[in-house]
Amino acid sequence: AQSVTQLGSHVSVSEGALVLLRCNYSSSVPPYLFWYVQYPNQGLQLLLKYTSAATLVKGINGFEAEFKKSETSFHLTKPSAHMSDAAEYFCAVSGLNSGGSNYKLTFGKGTLLTVNP
Amino acid sequence: DAGVTQSPTHLIKTRGQHVTLRCSPISGHKSVSWYQQVLGQGPQFIFQYYEKEERGRGNFPDRFSARQFPNYSSELNVNALLLGDSALYLCASSFRGGGMSFGSGTRLTVV
């Protein structure tokens, strides 16, 4: 069984400040981990993914995340927040099925990021 | 290339009715998955289809069904709609082992 816990349902930062969104996972198999962003009334956009290669993963829009197996964490960071980063962010974990394709994603409950001018 | 496309974008149905939602995957993607996102929550897995076969099913009642066609497009069907079925329904497609790409969703409102 797999699960994801996102710490903090709402994070507020000032423009230009560091963004840190926390995600802890539980998985009985080596996990694939993802961060998605959702803007109002839209679907999910993939920010970045960890698939057992480099533990520091760089994504789009200046975001990155570090896989820490010892802490079962995959926190999302961005050095300097921009107003356009305001959105909801979802961490997700996945395993492969027997056919080697991505099986279901299990999502956290999301973290709403607000950016203050 | 076009992304994942879903239709319709919005839908209002009455309790007890039936609804069909449609999804076209990214060209070359053979896997399609469906997710339900209730307001304020993360998406919940409903089904995954790969090469027209069901490969996974989430914890949803039998009122929910789906299928995948030879061109890899998919339909999600929900019978006997309940108020609690009101949600954003997301379709995602993926290539084997890759990250999933999501459509913009169908907003279903049951009244």
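Keep in mind that this is a model prediction, so the values were computed, not measured.

K.L.:
Residues and numbers for the overall build of chain A, please.
P.N.:
Along chain A, the regular secondary structure elements total zero helices and 11 strands. Of the regular secondary structure in chain A, the N- to C-terminal order runs β-β-β-β-β-β-β-β-β-β-β. Whereas a compact globule of 117 residues would reach a radius of gyration of roughly 13 Å, chain A reaches 14 Å, a difference of no more than 12%. The averaged location of the 6 negative side-chain charges in chain A is 9 Å from the averaged location of its 8 positive side-chain charges.

K.L.:
Would you mind going over the overall build of chain B in detail, with residue names and values included?
P.N.:
From N to C terminus, chain B includes zero helices and 11 strands. Ordered by position in the sequence, the α and β elements of chain B form the string β-β-β-β-β-β-β-β-β-β-β. For 111 residues, the compact-globule estimate of 2.2 N^0.38 gives 13 Å, and chain B sits close to it at 13 Å. Over its C-alpha atoms, taken along the principal directions, chain B stretches across nearly 40 × 25 × 25 Å. Per-residue burial for chain B yields a buried fraction of 52% across its 111 residues. Charge-centre separation for chain B: the mean point of 11 positive side chains lies 4 Å from the mean point of 7 negative side chains.

K.L.:
Please provide a residue-by-residue account of the nonpolar core, values included.
P.N.:
Ranked by internal contacts, the top residues of the largest apolar core, which has 26 residues, are A:Trp35, A:Leu47, A:Leu48, A:Phe74, A:Leu76 and A:Tyr89. At the level of elements, β2 (10-14), β3 (19-26), β4 (32-38), β5 (44-50), β7 (64-68), β8 (73-78), β9 (87-96) and β11 (111-116) of chain A are the ones that each hand at least two residues to this core. In contact with A:Tyr89, other than residues within four places in its own chain, are A:Gln6, A:Leu21, A:Trp35, A:Tyr36, A:Val37, A:Leu47, A:Phe63, A:Leu76, A:Gly110, A:Thr111 and A:Leu113. Counting 22 residues, the second largest nonpolar core, distinct from the first, contains B:Cys23, B:Phe60, B:Leu108 and B:Val110.

K.L.:
How would you sum up the pairing of strand β9 (residues 87-94) of chain B? Please name residues and give values.
P.N.:
All names here are of chain B. Along β9, eight of the eight residues are buried, which leaves the element largely enclosed by surrounding structure. Side-chain alternation along β9 places Ala-87, Tyr-89, Cys-91 and Ser-93 on one buried face and Leu-88, Leu-90, Ala-92 and Ser-94 on a second face that is also buried. Inspection of the sheet shows strand β4 (residues 31-37) paired to β9 by seven bridges, in the antiparallel sense. Bridge pairing in β9 links Ser-31 to Ser-94. Relative to strand β11 (residues 106-110), β9 is paired through three bridges, and the arrangement is antiparallel. Bridged to Ala-87 within β11 is Leu-108. The sheet contact formed by β9 and strand β10 (residues 101-102) spans two bridges and is antiparallel. Across the sheet, the residue bridging to Ala-92 is Phe-102, located in β10.

K.L.:
Summarise the interface of chain A and chain B; cite the residues concerned and give the values.
P.N.:
Taken together, the contacts link 22 residues of chain A with 24 residues of chain B. Where chain A meets chain B, there are zero salt bridges. Between chain A and chain B we count three residue pairs in polar contact (both at pLDDT 80 or more) in total. Residue assignment for the side of chain A that touches chain B shows that the elements contributing at least two residues are β4, β5 and β10 (102-107) of chain A. In terms of residue count, β10(A) provides more of the side of chain A that touches chain B than any other element does, five residues in total. Tallied by class, residues from the side of chain A that touches chain B come to nine nonpolar, 10 polar and three charged.

K.L.:
Please provide a residue-by-residue account of the sheet that holds strand β1 (residues 5-7) of chain B, values included.
P.N.:
Residues and elements named next belong to chain B. The strand order β1-β3-β8-β7 describes an open sheet built from four strands, whose pairing is antiparallel. The open sheet is flanked by β1 and β7 (64-68), the only strands paired with a single partner. Within this sheet the neighbouring strands show an average axis-to-axis angle of 15°, counted without direction. Here β7 pairs with strand β8 (residues 74-78) via five bridges, running antiparallel. Each residue of the ladder has a partner; that of Ala-66, found in β8, is Leu-76.

Conventions and cut-offs
Residues numbered from 1 in each chain as written. Chains lettered and ligands numbered in written order. Predicted model: local features only at pLDDT ≥ 70, side-chain atom pairs only at ≥ 80, totals over all residues. Heavy atoms only, no water. Helix = DSSP H or I, 4+ residues; strand = E, 2+ residues; numbered from the N terminus. Rg over C-alpha atoms; globule rule 2.2 N^0.38 Å. Lys, Arg positive; Asp, Glu negative; His and termini not counted. Charge placed at Lys NZ, Arg CZ, Asp CG, Glu CD. Buried < 20%, exposed > 50% of the residue type's maximum accessible area, 1.4 Å probe, protein only. Core = buried A, V, L, I, M, F, W, Y, C linked by side-chain atoms within 4.5 Å. Contact = heavy atoms within 4.5 Å. Pairing = 2+ DSSP bridges. Salt bridge = Lys/Arg side-chain N within 4 Å of Asp/Glu carboxyl O. Polar contact = N/O pair within 3.5 Å; in protein donor to acceptor, adjacent residues only side chain to side chain. Nonpolar A, V, L, I, M, F, W, Y, C, P; charged D, E, K, R; others polar. Axes fitted to C-alpha atoms, helices over the stretch in contact; angles between N-to-C directions.

Function cannot be inferred from these measures alone, as they are strictly geometric.
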